[in-house]
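The primary structure of each chain is shown beneath.
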Amino acid sequence: PEASAPLVIIGTGLAGYNLAREFRQRDRTSPLLLISKDDGAFYSKPLLSASLSHGKTAQQLSQISAEEMARELDAEILVHTHVTAIAPKTKTLKLQQETGNHSAEIHYDRLVLASGARCRKLPAIAGDAQARLFRINNLGDYHRFRTALVGHKRVLLIGAGLIGCEFANDLVQAGFDVELVDPQGWPLATLLPEAAGRDLQETLTNSGVNFHLGRTICSLKHNQTGLDALLDNDEKLQADIALAALGLEADTSLAETAGLNTNRGISVDRLLQSSDPHIFALGDCAEVEGHQLFYVAPLMTCARALAKTLSGEPCPVYYGAIPVAVKTTLRPTTVCPPPPTAVGSWKISGDSEGLCAEFRSPKGELLGFAVTGAAIAKRDRLTLECLPLMN
Ligand code: FAD
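Residues numbered from 1 in each chain as written. Predicted model: local features only at pLDDT ≥ 70, side-chain atom pairs only at ≥ 80, totals over all residues. Heavy atoms only, no water.

**Digging into the packing of aromatic side chains**
In step 1: In this structure the tally under the stated criterion is three aromatic pairs.
In step 2: Plain terms: the ring middles of tryptophan 346 and phenylalanine 359 are 5.3 Å apart, the flat faces sit at 70° to each other, and that makes the pair edge-to-face. Of the two residues, tryptophan 346 is situated in strand E23 (residues 345-351) and phenylalanine 359 in strand E24 (residues 354-360); the sequence distance between them amounts to 13 residues.
In step 3: Overall, the relative accessible area of 26% leaves tryptophan 346 in the partly exposed class.
In step 4: For phenylalanine 359, a relative accessible area of 8% gives the class buried.
In step 5: Its end group placed over the ring of phenylalanine 42, arginine 21 keeps NZ or CZ at 4.8 Å from the ring centre. (Phe/Tyr/Trp six-rings, centres within 6.5 Å; stacked < 30°, edge-to-face > 60°. Helix = DSSP H or I, 4+ residues; strand = E, 2+ residues; numbered from the N terminus. Buried < 20%, exposed > 50% of the residue type's maximum accessible area, 1.4 Å probe, protein only. Lys NZ or Arg CZ within 6 Å of the ring centre and 35° of its normal.)

**Description of unusual backbone geometry**
For residues besides glycine, phi is generally negative; the peptide bonds are generally trans as well.
In step 1: A positive phi is found at aspartate 234, a non-glycine position, where the angle reads about 75°.
In step 2: One can find aspartate 234 in the loop between strand E14 (227-231) and strand E15 (236-239).
In step 3: A residue is classified by how much of its surface remains accessible, and aspartate 234, at 60% relative accessible area, is exposed.
In step 4: Positioned with a positive phi, glutamate 289 is a non-glycine residue whose angle comes to about 50°.
In step 5: Along the chain, the position of glutamate 289 falls in the loop between strand E20 (286-288) and helix H8 (296-310).

**Here we look at empty space enclosed by the protein**
In step 1: Following the criterion strictly, the structure yields one cavity of 30 Å³ or more and no others.
In step 2: A volume near 50 Å³ is recorded for the largest cavity.
In step 3: Lining the largest cavity are Gly283, Ala286, Val288, His291, Leu293, Tyr295, Pro298, Leu299, Cys302 and Tyr319.
In step 4: Those elements giving two or more residues to the lining of the largest cavity turn out to be E20 and H8. (1 Å grid on protein atoms, 1.4 Å probe; cavity = no way out; pocket = protein on both sides within 12 Å on 5 of 7 lines; lining within 4 Å. Points joined across faces, edges and corners; volume = space filled by probe spheres on them.)

Following this line, the structure appears as structure tokens:
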């Protein structure tokens, strides 16, 4: 069976589907199989944190069905099918179907892991309401949250990072009352200097978001009508429903069944090749030469490069500077964070119309930046000047 075994892609998120599309532009005939534990619908994940205020249902966000994708890609797509183990020696995968408890084995010729990441969990806290915490990292999560919101008004949001701030922006515009709690001192604290974070905070506050920064949640309990949260300064908050946005972490357990090298994500080189020469990885599950980036732009770069590599033209990935537009529409903000190990300092300019923060090395090189409001106009110029993530 090995000779006719397909190229197998695990995952039908933006990484899996964009790779499949790029691959099919170069190779129209090799057998291609995609496997997903979800329903395989094509959707744009960034819309999940910007669609409540537009009244969009999960069904409206699900743009193309798996069936249509299979036709477009001339591929077989197995949906609601969980890959439970990889055996590199025999080049086989173990599959478990969601319904009926069927299991099966299939062969691959080459394998690509595009299996994404999962939401970080809240550390254990007191109270009986942890099970009622929502997290959103796929269409199903969005559907569950949106359905549970019906008839409610007060949302407790935990985490003021990128996704938390976007949900705060979306929820207040959809008419909800938002209490936003984060242990850090300002919003987007891992990406932005304080002045730029405060700039965003001010707009969100004026629009109705109640920030509780520098605070942690000690307990979360049910009451007769909703939830009671107790903060570490003894402040009590009441809400109907709670959403945690604590960031993502790659799930490396499947890669570990294959004995692949992993770190924070599945370790791959610039050809996106893992420690097994027949297995590749891209997207949220991958760590590319030490870079773990949970954004769309780098995974698109990877999809284009890997499609070339898989069709016989080895193409190493190159990451330039990667600016990310934060979807806080009330105060447009773009971040291009300096690498975590970068040495330098932030310089801030601007006024109430918009701020520009530049992170420069002692030699004056631009290593990262953030712009808000009217200063967004500087984005392209700064992106050009900023040093690339890879040489
Ligand atoms: P995923 O979309 O998570 O896909 C993983 C796939 O793998 C799924 O199909 C899943 O079913 C499948 N899978 C996993 N394990 C298995 C298994 N064992 N067996 C079978 N199938 C499996 N990025 C930006 O650049 N800009 C933004 O504005 C932005 N906004 C965002 C907003 C939200 C709310 C979130 C959650 C993320 C946002 N991101 C944004 C990040 C971006 O969306 C992700 O980096 C990207 O979508 C990841 O795609 P992926 O294909 O790697 O993973």
